[in-house]
Structure formats: C-alpha cells, structure tokens
Amino acid sequence: MFISTGHLTKKGSSGAKMSNRTVCREASHSGSWYTASGSQLNTQLEGWLSQAQSTVSPARAIIAPHAGYSYCGACAAHAYKQIDPSVTRRVFILGPSHHVPLSRCALSSAEVYKTPLYDLRIDQEVYADLWKTGMFERMSLQTDEDEHSIEMHLPYTAKAMESHKDELSIVPVLVGSLSESKEQHYGKLLSRYLADSSNLFIISSDFCHWGQRFRYTYYDEALGEIHRSIEHLDKMGMGIIETLDPMSFTNYLKKYHNTICGRHPIGVLLNAVSELRKSGTEMNFSFLNYAQSSQCRNWQDSSVSYAAGALLVH
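Residues numbered from 1 in each chain as written. Predicted model: local features only at pLDDT ≥ 70, side-chain atom pairs only at ≥ 80, totals over all residues. Heavy atoms only, no water.

The protein has the name Protein MEMO1 in an unreviewed UniProt entry, where Oncorhynchus tshawytscha is given as its organism. Its UniProt record gives the protein a comment under Sequence similarities (unreviewed entry), which states: "Belongs to the MEMO1 family." (UniProt positions renumbered as here; feature names shortened; annotations may be inferred.)

Given below as structure tokens:
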C-alpha cells in the first residue's frame, strides 16, 4: 500500500532503466468530480471567484472543502479569493486520507501533479527536508490517485496562482488519523514553514456528514429542522476554530463527534499556529462562507456541509 522509495523507475523493453522519466500523478477525478475540459473549468472557476470578495488577504492559510465542484465550488471560492499570487510561491496542501489506514503523514511518490489547467510541480527540496525528519511515509502512486482530498484543491490552486505559475511549487501532504500528540508534533514541524510569508497552507476539509449512510444523526430538536441543527453544530465548531485553540477543537470533537473529515489537518494547522503564537506572532482566522449539499428534514435525508475560511498573519 505504501512504498518507502523516493522515486519510481520504469524499465524499457530491453530491461534498461529509463530513470529520467518524470513521475506524474494524473488528474484522476477530472471528468467526474469536475470537468476535464481546461477551458470549461477555467470559466467555472472564474465565475465562482467573481462572486466572492477579497476580505482576508493575503491569506497565510485557508480551509476549503474537497467535494465535487457542483456541490462546493461556489463555497471554496470564498477561501481561494483570499490568496495573493504576488506573495505566495509555495503551496502546502494538507488533505485527510479517506481510503487507506494511515497513522502518520505521507508524501507523494510523484514529481508533478497534473490538472486540466496546467501541471503543478512538487517542491523536491522541501520534500527532502520533510523526509529527513523520519516522520513521513511515502504513498504509492495508486494511493495518491485514488485519494480526492488533495486533488480537489489543485485546479483552484492553479487558477488562483496562474499569474505566477512559473514560480509556483506545491507540497502535498496526506494526513492520517493522528493522535493529539502527533498533531502537535506535525504542527511544530510545519510551523517554521507557516512563518514564511511566501508559503500558503491549504487545509482540505468538509464539515458535517449527516445521515444514516454516514452513521451520524446527531439532532438537537430545540433548533427546529434537522438542517438547522447541523448548521448550529458546524458553526459551533467553526467558532472554536476561529479561536485558534487546538485543545478546544479536540474537546468539541470528543463531545459531539462531528464528522469533520479534515479534523486532523485542521488540528495540525491549529498546533502550528499555537507554536508561532509562543513567539508573539499575531494571527486571526475568519470563516467567510458556509453551505450544505442539501437541507435535511427527515431521517432518510443526508447532507455534507462545506465551510471556507482564511488565516491572516499580522
């Protein structure tokens, strides 16, 4: 499932290694979760971005959803609108692992991530530094292409950064089911990158997954319709994230078990922020948009919630 080698090599028919072949991760969810047409995708992203305001720019980190663009494209735009491409040079993308059991974090085996807009280059220098820490696994190309939590941010990243695409590199990190102490360790490790104004962190997360198919049906009847209870629960969590206190967020999750799939990437960000605050760095986080895939009114219904927000460093 995971491979620990740094590079994949392909053998030609003669058995000789063709070692200079660039390892690319295909845009495996294009054509299903979003359009495979570069021009159509560009038009869609421009449309959503034009509906959002730039109020928390330049963002040092954003939280944005990773569902199909027909569900969450409009919501995600509110986070991506806060990116300043004239400042940002390197984009870290922290996404949760949906398909493989992982207790640590993993780096990609690829060198390039493809998108229908243009290809994104992985920062091999930063990857080498992270690999040296011994805290990371290496995910196989298959695992990488099966996972959607990082990929769904690639077209938006490419769009937001298109005016400076030649100077752009990305650092994709697949985040496993981390313990509280591991969230602290990864937060501390990544805090030095968060401190650099030329870096941007994208935290990939949807919010409440409600319904019997998600095995989560928390409902506070006092709040009226089910979808209002879900919104109240999500906004309670969002308010806690805005305080930037990792322990409060952990306690909220323990109490309500809200099915926030990117809870570990969010936990890593909050711990990185805590580390920087120790040295007096001032930061604040604001959520800018909230949406639900549908409004639940009975027990047969289901929905996924989406939130977009940005971290500003003063």
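Concerning the overall build of the protein
The helix and strand tally for the protein stands at 9 helices and 14 strands. Taking 20 Å as the expected radius of gyration for a compact globule of 314 residues, we find that the protein reaches 19 Å, a close match to that expectation. Seen along its three principal axes, the alpha-carbon backbone of the protein occupies a region of about 70 × 45 × 35 Å. Expressed as a percentage of its 314 residues, the buried residues of the protein come to 51%. (Helix = DSSP H or I, 4+ residues; strand = E, 2+ residues; numbered from the N terminus. Rg over C-alpha atoms; globule rule 2.2 N^0.38 Å. Buried < 20%, exposed > 50% of the residue type's maximum accessible area, 1.4 Å probe, protein only.)

Considerations on the sheet that holds strand 7 (residues 112–113)
Sheet strands associate in pairs through backbone hydrogen bonding, adopting either a parallel or an antiparallel arrangement. Read across the open sheet, the 3 strands follow the order 3-7-8; overall the sheet is mixed. What marks the edges here is a single partner per strand, and that holds for strand 3 (24–25) and strand 8 (120–121). Relative to strand 8, strand 7 runs antiparallel, the two sharing 2 bridges. Bridge pairing in strand 8 places Val112 opposite Arg121. (Pairing = 2+ DSSP bridges.)

Some words on the packing of helix 1 (residues 38–50) against helix 2 (residues 69–80)
Packed helices, taken two at a time, are described by their axes: the angle between them and the distance between them. The geometry of helix 1 relative to helix 2 is characterised by a closest axis approach of 8 Å and an angle of 55 degrees between their N-to-C directions. Classified by the angle between their axes, helix 1 and helix 2 sit oblique to one another. As for the relative orientation of helix 1 and helix 2, their crossing is right-handed in sense. Between helix 1 and helix 2, the residues in contact are Leu41, Leu45, Trp48 and Leu49 and Tyr69, Gly73, Ala74, Ala77 and Tyr80, respectively. Of the residues assigned to the contact of helix 1 with helix 2, the class counts are 8 nonpolar, 1 polar and no charged. (Axes fitted to C-alpha atoms, helices over the stretch in contact; angles between N-to-C directions. Parallel < 35°, antiparallel > 145°, perpendicular 65-115°, else oblique. Left-handed = near helix turned anticlockwise from the far one by under 90°. Contact = heavy atoms within 4.5 Å. Nonpolar A, V, L, I, M, F, W, Y, C, P; charged D, E, K, R; others polar.)

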